[in-house]
Amino acid sequence: MYDCLQLLDFAARNSKLDEFAKFLKSENAKYNLTAITEEAEIVSKHFYDSLVGERFLEEGANVCDIGSGAGFPLIPLALLRGDCSFTGVDSTQKKVNFINAACAKLDIKNCYAVHARAEDIAKESFTAVTSRAVAALNTLAEYCLPVLKVGGVLIAYKGSNAEEEVRAAAKALQILGGKTEEIFRYCLPTGEERALVRIRKVSPTPAKYPRPGNKPRIKPIS
Ligand code: SAM
């Protein structure tokens, strides 16, 4: 596991992340991929924040990042953790195209992205799932727990209200086969508070989940 200073050093100095930042800025001008475009903010709010999740990635994990957007936490994690394989999933085609173009340009071989909704991903196919800024935890649990193998881990990137979200998702987690193991709090170099929620899949998710028709978002389990 890397400590905070090592992660910060990687976020600020890794040559492929530097190249990725340049590519992100140039493509963002055409495709409007992210609201964060200032160099120091990209390093802190995108790169460093993404990298913190590596502490919960087990050796050789097969990772699915749900709602990767412009590649976060997907691409920084793929660069840091060459022992793991990464699949990004997003429902917006231009973001998937951007991630795959970035992986080709930067010669990142352990990562690619697919255009799909989380609800349509094959069940029980990954040993880890990451997700940042996609949905509240009760909705997110229904997107992410079905695709995890029993024994796998969901790493949910959250803000300072993580405990509240965990409380509100208690019933969803119980029904879907998840158990909260740890809430890890940290601060970004720019000062904002963040938290990672580590949820273990302890039992199979019942076959009726995820529910169709955008129900996980419209009517979360409560
Ligand atoms: N994870 C990235 C980050 O932290 O910068 C992107 C966050 S962005 C606010 C949310 C992303 O989730 C969008 O790119 C959206 O297309 C995607 N998304 C939302 N619901 C989804 C679903 N059900 N399946 C797949 N992608 C979804």
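Residues numbered from 1 in each chain as written. Predicted model: local features only at pLDDT ≥ 70, side-chain atom pairs only at ≥ 80, totals over all residues. Heavy atoms only, no water.

Can you walk me through helix 6 (residues 137-144) in this structure?
Because an α-helix completes one turn every 3.6 residues, residues spaced three or four positions apart along the sequence face the same direction. Here helix 6 lies mainly inside the structure; eight of its eight residues are buried. Within helix 6, the full set of buried residues consists of Leu137, Asn138, Thr139, Leu140, Ala141, Glu142, Tyr143 and Cys144. (Buried < 20%, exposed > 50% of the residue type's maximum accessible area, 1.4 Å probe, protein only. Helix = DSSP H or I, 4+ residues; strand = E, 2+ residues; numbered from the N terminus.)

Would you mind showing me how to read the nonpolar core here?
Note on soluble globular proteins: their nonpolar side chains tend to be buried together. Counting residues in hydrophobic clusters, the biggest one holds 47 residues, and the most contacted among them are Phe20, Phe47, Ile75, Phe86, Phe98, Ile108 and Leu196. Where this core is concerned, the elements lending two or more residues are helix 1 (4-13), helix 2 (15-31), helix 3 (39-52), helix 4 (74-80), helix 5 (93-105), strand 3 (111-115), strand 5 (148-158) and strand 6 (178-187). Those residues in contact with Leu196 that sit more than four places away from it in its chain are Val52, Gly53, Arg55, Phe56, Ile155, Ala156, Tyr157, Glu182, Ile183, Phe184 and Tyr186. (Core = buried A, V, L, I, M, F, W, Y, C linked by side-chain atoms within 4.5 Å. Contact = heavy atoms within 4.5 Å.)

What is the right way to read the site of the ligand from this model?
By nearness alone, 18 residues border the ligand, and Gly67, Phe72, Asp90, Ala118 and Arg132 come closest of all. Interatomic distance of 2.7 Å between a backbone N/O atom of Gly67 and a nitrogen atom of the ligand. At 3.1 Å, a side-chain N or O of Lys95 approaches an oxygen atom of the ligand. Surface burial for the ligand is 81%, taken as the share of its 600 Å² of free accessible area covered by protein chains. In terms of residue class, the shell around the ligand is made up of six nonpolar, six polar and six charged. (Near = heavy atom within 4 Å. Polar contact = N/O pair within 3.5 Å; in protein donor to acceptor, adjacent residues only side chain to side chain. Areas by Shrake-Rupley, 256 points an atom, 1.4 Å probe, with all protein chains shown as cover. Nonpolar A, V, L, I, M, F, W, Y, C, P; charged D, E, K, R; others polar.)

What is the right way to look at the pairing of strand 4 (residues 126-132) in this model?
Side-chain direction in a regular strand flips from residue to residue, so the side chains alternate between the two faces of the sheet. Counting buried residues in strand 4 gives six out of seven residues, a clear majority hidden from the surface. Inspection of the sheet shows strand 1 (residues 62-66) paired to strand 4 by three bridges, in the parallel sense. By the bridge assignment, Val63 is partnered in strand 4 with Ala128. As paired elements, strand 4 and strand 5 share six bridges and run parallel to each other. Directly across from Ala128, in strand 5, lies its bridge partner Val153. Handedness of the β-α-β unit built from strand 4, helix 6 and strand 5 comes out right-handed. (Pairing = 2+ DSSP bridges. Right-handed = clockwise from strand over helix to strand, strands pointing away.)

Can you walk me through the sheet that holds strand 5 in this structure?
Sheets are built from strands paired through backbone hydrogen bonds, the pairs being either parallel or antiparallel. Spatially, 3-2-1-4-5-7-6 is the arrangement adopted by the seven strands of the open sheet, whose pairing is mixed. The open sheet has two free edges, formed respectively by strand 3 and strand 6, since each of these has just one partner strand. Taken pair by pair, the neighbouring strands of this sheet meet at an average axis angle of 20°, ignoring direction. Here strand 1 pairs with strand 2 (residues 85-90) via five bridges, running parallel. Residue pairing in the sheet places Asp65 in a bridge with Gly88 of strand 2. (Axes fitted to C-alpha atoms, helices over the stretch in contact; angles between N-to-C directions.)

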